[in-house]
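# Breakdown of the fold
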Amino acid sequence: MVNYKDLGLVNSRELFKKAVSGGYAIPAFNFNNMEQMQAIIQACVETSSPVILQVSSGARKYANQTLLRYMAQGAVEYAKELGKNIPIVLHLDHGDTLELCKNCIEYGFSSVMIDGSHHEYNKNVDITSSVVEYAHKHDVTVEGELGVLAGVEDEVSALDHTYTKPEEVEDFVKKTGVDSLAISIGTSHGAFKFKPGQDPKIRLDILSEIEKRIPGFAIVLHGSSSVPQDLVKMINDNGGKLSDAIGIPEEQLRLAAKSAVCKINIDSDGRLAMTAGIRKYFNDNPAEFDPRKYLGPARDMLKELYKHKVINVLGSNDKI
Ligand code: G3H
Ligand code: 13P
Ligand code: ZN
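Now for a quick tour of the structure. All of these numbers come straight from a predicted model, not from anything done at the bench.

Cut-offs used in this document
Residues numbered from 1 in each chain as written. Chains lettered and ligands numbered in written order. Predicted model: local features only at pLDDT ≥ 70, side-chain atom pairs only at ≥ 80, totals over all residues. Heavy atoms only, no water. Helix = DSSP H or I, 4+ residues; strand = E, 2+ residues; numbered from the N terminus. Rg over C-alpha atoms; globule rule 2.2 N^0.38 Å. Buried < 20%, exposed > 50% of the residue type's maximum accessible area, 1.4 Å probe, protein only. Contact = heavy atoms within 4.5 Å. Areas by Shrake-Rupley, 256 points an atom, 1.4 Å probe, with all protein chains shown as cover. Near = heavy atom within 4 Å. Polar contact = N/O pair within 3.5 Å; in protein donor to acceptor, adjacent residues only side chain to side chain. Nonpolar A, V, L, I, M, F, W, Y, C, P; charged D, E, K, R; others polar. Donors = N, O, S within 2.8 Å, 3.2 Å for Na, K, Ca; no water. 1 Å grid on protein atoms, 1.4 Å probe; cavity = no way out; pocket = protein on both sides within 12 Å on 5 of 7 lines; lining within 4 Å. Points joined across faces, edges and corners; volume = space filled by probe spheres on them. Arc of directions from axis to C-beta. Salt bridge = Lys/Arg side-chain N within 4 Å of Asp/Glu carboxyl O. Core = buried A, V, L, I, M, F, W, Y, C linked by side-chain atoms within 4.5 Å. Pairing = 2+ DSSP bridges. Right-handed = clockwise from strand over helix to strand, strands pointing away.

Counting its secondary structure elements, the chain contains 12 helices and 10 strands. Computed over C-alpha atoms, the radius of gyration of the chain comes to 19 Å, within 12% of the 20 Å expected from 2.2 N^0.38 for 320 residues, which places it in the range of a compact globule. In terms of principal-axis extent, the alpha carbons of the chain reach across some 60 × 50 × 35 Å. Across the 320 residues that make up the chain, the buried fraction comes to 57%. Considering only contacts within the chain whose residues lie at least 6 apart along the sequence, 76% involve residues at least 24 apart. When the accessible area of the chain is evaluated, it comes to approximately 13,700 Å², of which 51% is carbon and sulfur surface.

Structure below.
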């Protein structure tokens, strides 16, 4: 058993408390390789932002659980070396079983999500409560979810949103003891969140109804990539084929971050930035084959994207 505190990591409790009262959100950026991790840490050190390093079960399989634990520990030391001891959380994204959550906690995670949103309500309460009971013994924070996002979440996919029912949130939070709650208000995973011609809006009215029921409680938004059109264009101009990729407008996320939303999950935008950087480099330098030559510029693009998110969308800069 590795204790996250020995790795220099923190859980999310204090970060969320400050974020809710300060009207900003903590970035939760997914990672599964060294360049992504470096870009996240560089961006958050340069902007003085706390950060949640987020790992899906797919990412764990891809990168290896032991390597990821050392990478998180390395991230803490790397941030210090860059000059700032920023708070860093290592979080499991979309955990689906108690066993997986336990295993992550044993490998040094300071926070876990148990996503029981696809189960019927009582089963979601049961599975979430069992994770909370184990996690809290180790001072690990837990995120639950109510409502189903449209799109694909690991192996599970839904065609339509099932919006979170505001009348359920108080009971769920009380019965399970979760530290934060992910809700469904029209965001979705991936790069194709709306069809062309649709109004790309999220249901801020449901968010404010939820906030009234559980004032001051930490709310989480998944599926919050904005799918920057300059990145989509760069991909397509350099041999890619992404059509009709549309995300959540950043102004709407900014409004959400100013309210009870204190964690915003961004993965797809990072994937787009890296892909755009690599595609452009390959197109401009077809004879190059040293991975550092194309991964380096892609990492710089990723860092710029993260800095932009922190400063202009989440508002978590200068909050350490
Ligand atoms: O919510 C999903 C995240 O973007 C992680 O995606 O399961 O492909 O690693 P993944
Ligand atoms: P995006 O696909 O919109 O980046 O969402 C990521 C996410 O919610 C990870 O849990
Ligand atoms: Zn998600």
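A word on the site of ligand 2. Taken together, 16 residues lie near ligand 2, and Asp93, Lys193, Ser225, Asp267 and Ser268 sit nearest. Interatomic distance of 2.7 Å between a side-chain N/O atom of Asp93 and an oxygen atom of ligand 2. In the environment of ligand 2, an oxygen atom lies 3.0 Å from a nitrogen or oxygen atom belonging to the side chain of His189. In isolation ligand 2 has 310 Å² of accessible area, and contact with the protein removes 96% of it. Taken together, the elements giving at least two residues each to the shell around ligand 2 come down to strand S3 (88–95) and strand S10 (261–266). Taken together, the residues of the shell around ligand 2 sort by class into 1 nonpolar, 12 polar and 3 charged.

Bringing the coordination of the zinc ion (ligand 3) into the picture now. Protein-derived ligands of the zinc ion (ligand 3) are His94 (NE2), His189 (NE2) and His222 (ND1), with the metal-ligand distances lying across 2.1 Å. Within one chain, the residues donating to the zinc ion (ligand 3) are spaced in sequence as H-x94-H-x32-H. Of this pair, His94 sits in strand S3 while His222 sits in the loop between strand S9 (218–221) and helix H9 (229–237), and the two are 128 residues apart along the sequence. In this structure His222 comes out as buried when scored by relative accessible area, which is 1%.

One pass over the structure, following the stated rule, counts 1 cavity of 30 Å³ or more. Of the volumes computed, that of the largest cavity is approximately 50 Å³. Put simply, the parts of the chain that give the lining of the largest cavity at least two residues each are S3 and strand S5 (141–146). Among the elements that line the lining of the largest cavity, the one with the most residues is S5, at 3 residues. The residue inventory of the lining of the largest cavity, partitioned by class, reads 4 nonpolar, 5 polar and 3 charged.

As a further point, take the environment of Pro27. Structurally, the position occupied by Pro27 is in strand S1 (residues 26–30). With relative accessibility at 0%, the residue Pro27 sits in the buried group. C-alpha separation for the pair Pro27 and Leu314, spaced 287 residues apart in sequence, amounts to 6.8 Å. Look past the residues within four positions of Pro27 in its chain and what remains in contact with it is Ser49, Pro50, Val51, Ile52, Ile264, Val310, Leu314 and Ser316.

Within H9, the full set of buried residues consists of Leu231, Val232 and Ile235. In an axial view of H9, the angular spread of the buried residues amounts to 100 degrees, which keeps them on one side of the axis. In H9, those exposed residues whose orientation departs by more than 90 degrees from the buried face are Asp230 and Lys233. Those residues of H9 hidden inside the fold are in contact with helix H11 (268–284) and helix H12 (291–314). Gly239 sits one or two positions beyond H9 and adopts a positive phi of about 95 degrees.

For the rest of this paragraph, the subject is the pattern of salt bridges. Throughout the structure, instances matching the rule amount to 19 salt bridges. The salt bridge involving Lys80 is made with Glu77; its shortest N-O contact spans 3.5 Å. Here Glu77 and Lys80 lie together in helix H4 (residues 65–81), a separation of 3 residues that amounts to about one turn. Taking relative accessible area as the criterion, Glu77 reaches 43% and is therefore assigned partly exposed. One salt bridge connects Lys263 with Glu143, and the closest N-O pair in it is separated by 2.8 Å. Remark: Glu143 occurs in strand S5 and Lys263 occurs in strand S10; sequence separation between them is 120 residues. This pair shows no difference in class: Lys263 is buried, exactly as Glu143 is.

This part is about the nonpolar core. Judged by nonpolar contacts, the single largest core of 90 residues is most densely connected at Phe31, Ile88, Val112 and Leu181. Excluding residues that lie within four positions of it along the chain, Val112 makes contacts with His91, Leu92, Cys101, Cys104, Ile105, Val131, Val140, Thr141, Val142 and Glu143. By size, the runner-up hydrophobic cluster in this structure holds 10 residues, among which are Ala19, Ile26, Ala28 and Ala218.

Here S9 shows a buried face lined by Ala218 and Val220 and a second buried face lined by Ile219 and Leu221. When strand S8 (residues 180–183) meets S9, the two strands line up parallel, connected through 4 bridges. Bridge assignment links Ser180 to a residue of S9, and that residue is Ala218. In this fold, the crossover linking S8 to S9 by way of helix H8 (residues 204–213) has right-handed handedness. Note: S9 against S10, 3 bridges, orientation parallel. Among the inter-strand pairings, Leu221 is bridged to a residue of S10, identified as Ile264.

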